[in-house]
Amino acid sequence: MPTPEQVLRRHELILNAAGEGIYGLDKEGKATFANPAAIALTGWNETDVIGKPVHELHHHTKRNGEPYPHHECPIYATLNDGEVHHVTDEIFWHKNGGFFPVHYTSTPIWENGAIIGAVVIFQDVSKLNRAEAAVIRLQRQNELLLTAAGEGICGFDCEGNVTFINPTAAALLAWPDRELRGHTIHDIFGRDEPRAEEYCPVHNIINGKRRFEVSDKRFWRHDGSSFPVDFVSTPVLENDRLQGVVVVFRDISERKLAEEKLKTALAEIKQLKNRLQAENTYLQEQINLNHHFGDILGQSPALQSALRQVEQVAPTDTTVLILGETGTGKELFARALHTLSRRKDRPLVKVNCAALPANLIESELFGHEKGSFTGATARRIGRFELAHEGTIFLDEIGELPLELQAKLLRVLQEGEIERLGDAKTRNIDVRVLAATHRDLKQMAAEGRFREDLFYRLSVFPLALPPLRERKHDISLLAQCFLAKYAQKTGKTVTHIPQAAMTQLQNYPWPGNVRELENVIERAVILSSTDTLQIPKLHQANVPEKTPAECLQPLAAMEKAHIIKVLEHTGWRISGEHGAAAILEMHPNTLRSRMSKLGIRRALEAK
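Here's what I pulled together on the structure shown here. All of these numbers come straight from a predicted model, not from anything done at the bench.

### Description of the sheet that holds strand β3 (residues 85–93)
Moving on, step 1. One open sheet accounts for five strands, arranged β2-β1-β5-β4-β3; its pairing is antiparallel. The sheet terminates laterally at β2 (31–34) and β3, the two strands that pair on one side only. Averaged over all adjacent pairs, the angle separating strand axes in this sheet is 30 degrees, with direction ignored.
Moving on, step 2. As paired elements, β3 and strand β4 (residues 99–111) share seven bridges and run antiparallel to each other. Within the sheet, the bridge partner assigned to tryptophan 93 lies in β4 and is phenylalanine 99.
Moving on, step 3. Where helix α5 (residues 74–81) meets the sheet, its contacts fall on β1 (21–26), β3, β4 and β5 (114–124), and the angle it forms with β4 comes to roughly 10 degrees.

As structure tokens, then:
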């Protein structure tokens with residue numbers, strides 16, 4: 001067992017080794033002991049300290065610099081009340097006149113129930129204060145950085161509860177600060193999303209991912225609305241233990257909108273590119289065609305009247321129905337209408353309704369989607385789409401099948417089309433020019449052409465005169481064709497004798513201008529001198545003239561023919577072997593014609 005001297009020596013060693021300053025005080029507050037740390041911290045030596053009141057020695061003051069009155073000094077308070085006093089952030093004065101901040105504790109020493117002194121343990125907290133100030137500055141800087149950040153920043157604990165949210169995040173999520181507590185990650189992310197856990201930023205970090213980055217997901221606002229975000233989730237670690245999760249996110253609504261606009265623009269560019277390619281292909285095909293002549297020639301009053309009508313209607317968007325016999329130049333007039341219109345910078349798209357197979361004409365006019373029918377290996381833009389903002393010329397409109405006439409009527413009325421195999425309706429802006437050599441009104445009466453379509457097409461009928469009514473234009477046309485084919489064949493034929501010209505003018509020209517051109521071309525080939533040799537023009541076989549007294553009005557002939565057919569069928573009108581089938585008429589149309597012509601069965605007449 002150690003002796004009292006040994007125990008005392010051990011205590012002395014402990015006090016001397018302590019890093020804090022230690023004073024021993026008697027009951028009057030005078031120093032009875034000062035360890036080396038106290039001497040080193042204050043600059044005083046032991047002789048200066050022992051026997052001196054510590055309060056006076058160190059000019060002990062408050063933090064604001066005011067001196068402690070003797071009776072208020074916590075050191076002496078311990079001697080008076082026997083309590084332990086802890087004092088923080090006050091000042092001790094150094095021997096050299098300086099001072100330093102201290103934390104100290106004053107503890108009473110009791111003996112036989114009486115206070116015989118006190119122990120004061122003090123610590124220089126200059127470094128600690130500087131460190132705390134640095135921490136405060138760093139914390140403030142971090143707060144400023146988080147506040148100024150343009151991205152939303154949220155902190156979560158390991159249960160997914162919100163622990164921090166910066167102003168940007170609060171604004172994006174529309175969360176008032178007072179409602180921050182109590183919310184979890186599930187209030188922000190994954191609401192109504194079946195695979196939410198797979199993309200949850202907290203769930204993935206807790207399950208071992210050191211960083212989790214996701215693009216184009218949705219975060220939810222306080223009011224229940226949502227917005228698209230990109231986010232990055234990172235762990236908060238302390239001593240390699242997960243303390244929480246930080247999620248940094250940005251609203252990508254504007255980027256998404258820009259992407260959608262770009263996607264739409266690219267789709268429009270692609271559509272325009274396809275359309276331009278189709279137009280180029282079409283125009284290239286047209287360039288390769290050998291047009292009969294480059295302009296409308298003639299001075300006859302009938303032709304000039306038609307041209308004046310062209311000048312009147314061309315600047316409008318009115319639908320024009322060009323009527324005329326084969327070879328009268330219906331396509332040339334269509335070109336003139338287009339050239340004089342406001343659409344002249346857009347294409348004139350031509351469709352010969354008689355030249356297209358019935359099973360392909362719908363696809364040709366309105367287009368089709370890939371796979372819409374056998375052989376549709378790619379999407380095709382129809383002629384109406386190709387003519388958007390331009391003009392479409394429907395030649396031989398009378399040959400258009402009845403089932404397609406309804407779709408054409410819709411285009412004229414609504415400006416809408418549908419591609420084959422596509423339910424999407426497309427708006428188009430097209431001027432329609434139609435041409436025919438048939439009597440559409442008669443066809444409508446017979447049920448072979450839609451009456452409503454006829455009236456839609458014939459808003460402005462333009463009748464072209466046949467060549468037999470333009471006899472004075474024959475010489476001009478003949479000279480034009482002569483120059484064209486002489487150059488083409490390399491011959492020097494330049495002269496048309498008067499006899500040949502008289503022969504041309506006296507011929508009825510059932511094939512009109514086209515037939516005249518063919519005759520001149522053949523004559524140039526056959527001519528061996530500079531004079532045009534016109535071969536003999538043979539008219540079609542015409543039956544001998546019928547005596548005038550045998551001629552009947554058309555209505556009487558029609559009535560007689562219908563009666564003859566009715567008698568043949570036993571007055572049966574409808575059915576496979578009825579009169580309507582033989583006459584190629586609808587039964588109701590036949591009944592209407594019978595009523596108009598006064599045809600009644602003999603028994604009924606009685």
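### What about the sheet that holds strand β13 (residues 391–395)?
Moving on, step 1. One open sheet holds the five strands; their spatial order is β12-β13-β16-β11-β17, and the pairing between them is parallel. Lying at the two open borders of the sheet, with one neighbouring strand each, are β12 (348–352) and β17 (460–463). In this sheet, adjacent strand axes meet at a mean angle of 20 degrees when their direction is disregarded.
Moving on, step 2. In terms of strand pairing, strand β11 (residues 320–323) meets β17 through four bridges, oriented parallel. Counterpart to valine 320 in the pairing with β17 is phenylalanine 460.
Moving on, step 3. Packed on one face of the sheet, helix α13 (residues 330–339) meets β11, β12, β13, β16 (431–436) and β17 and runs near 150 degrees to β11.

### Quick look at unusual backbone geometry
Moving on, step 1. Residues other than glycine seldom take positive phi values, yet asparagine 112 does so here, at roughly 50 degrees.
Moving on, step 2. Mapped onto the elements, asparagine 112 comes out in the loop between β4 and β5.
Moving on, step 3. The residue glutamate 396 is not glycine, and still its phi comes out positive at about 55 degrees.
Moving on, step 4. For glutamate 396, the location among the structural elements is in the loop between β13 and α16 (402–414).

### With respect to α13
Moving on, step 1. Counting buried positions along α13 gives seven out of 10 residues, so the element sits mostly inside the fold.
Moving on, step 2. Along α13, the positions that sit buried rather than exposed are Lys330, Leu332, Phe333, Ala334, Ala336, Leu337 and His338.

### Digging into the environment of glycine 511
Moving on, step 1. Relative to the helices and strands, glycine 511 resides in the loop between α20 (498–506) and α21 (512–526).
Moving on, step 2. Residues glycine 511 and arginine 468, spaced 43 residues apart in sequence, show a C-alpha to C-alpha distance of 9.9 Å.
Moving on, step 3. If near-sequence neighbours (up to four positions away) are discounted, glycine 511 is found in contact with Thr326 and Gly327.

### As for the pattern of salt bridges
Moving on, step 1. Following the criterion strictly, the structure yields 24 salt bridges and no others.
Moving on, step 2. Of the charged contacts, one joins glutamate 28 and lysine 30 as a salt bridge, the two residues approaching to 3.8 Å between their closest N and O atoms.
Moving on, step 3. Its relative accessible area of 53% is what places glutamate 28 among the exposed residues.
Moving on, step 4. Taking the relative accessible area as the measure of exposure, lysine 30 reaches 32% and is therefore partly exposed.
Moving on, step 5. The partner of arginine 593 in a salt bridge is glutamate 558, and the shortest N-O contact between them spans 2.7 Å. With arginine 593 in helix α24 (residues 587–597) and glutamate 558 in helix α22 (residues 554–568), this pair connects stretches of sequence that are 35 residues apart.
Moving on, step 6. Through salt bridges with shared partners, a single ionic network connects Asp317, Arg342, Arg343 and Asp429.

### Observations regarding the packing of helix α19 (residues 471–489) against α20
Moving on, step 1. Interhelical geometry of α19 versus α20 gives an angle of 125 degrees and a closest axis separation of 9 Å. The angle between α19 and α20 falls in the class oblique. At the point where α19 passes α20, the crossing takes the right-handed sense. In this structure, α19 uses Lys471, Ile474, Ser475, Ala478 and Gln479 to contact α20, whose residues at the interface are Met501, Leu504, Gln505 and Asn506.
Moving on, step 2. Along the lines of polarity and charge, the residues of the contact of α19 with α20 split into four nonpolar, four polar and one charged.

Quick notes on the rules
- Residues numbered from 1 in each chain as written.
- Predicted model: local features only at pLDDT ≥ 70, side-chain atom pairs only at ≥ 80, totals over all residues.
- Heavy atoms only, no water.
- Pairing = 2+ DSSP bridges.
- Helix = DSSP H or I, 4+ residues; strand = E, 2+ residues; numbered from the N terminus.
- Axes fitted to C-alpha atoms, helices over the stretch in contact; angles between N-to-C directions.
- Contact = heavy atoms within 4.5 Å.
- Buried < 20%, exposed > 50% of the residue type's maximum accessible area, 1.4 Å probe, protein only.
- Salt bridge = Lys/Arg side-chain N within 4 Å of Asp/Glu carboxyl O.
- Parallel < 35°, antiparallel > 145°, perpendicular 65-115°, else oblique.
- Left-handed = near helix turned anticlockwise from the far one by under 90°.
- Nonpolar A, V, L, I, M, F, W, Y, C, P; charged D, E, K, R; others polar.

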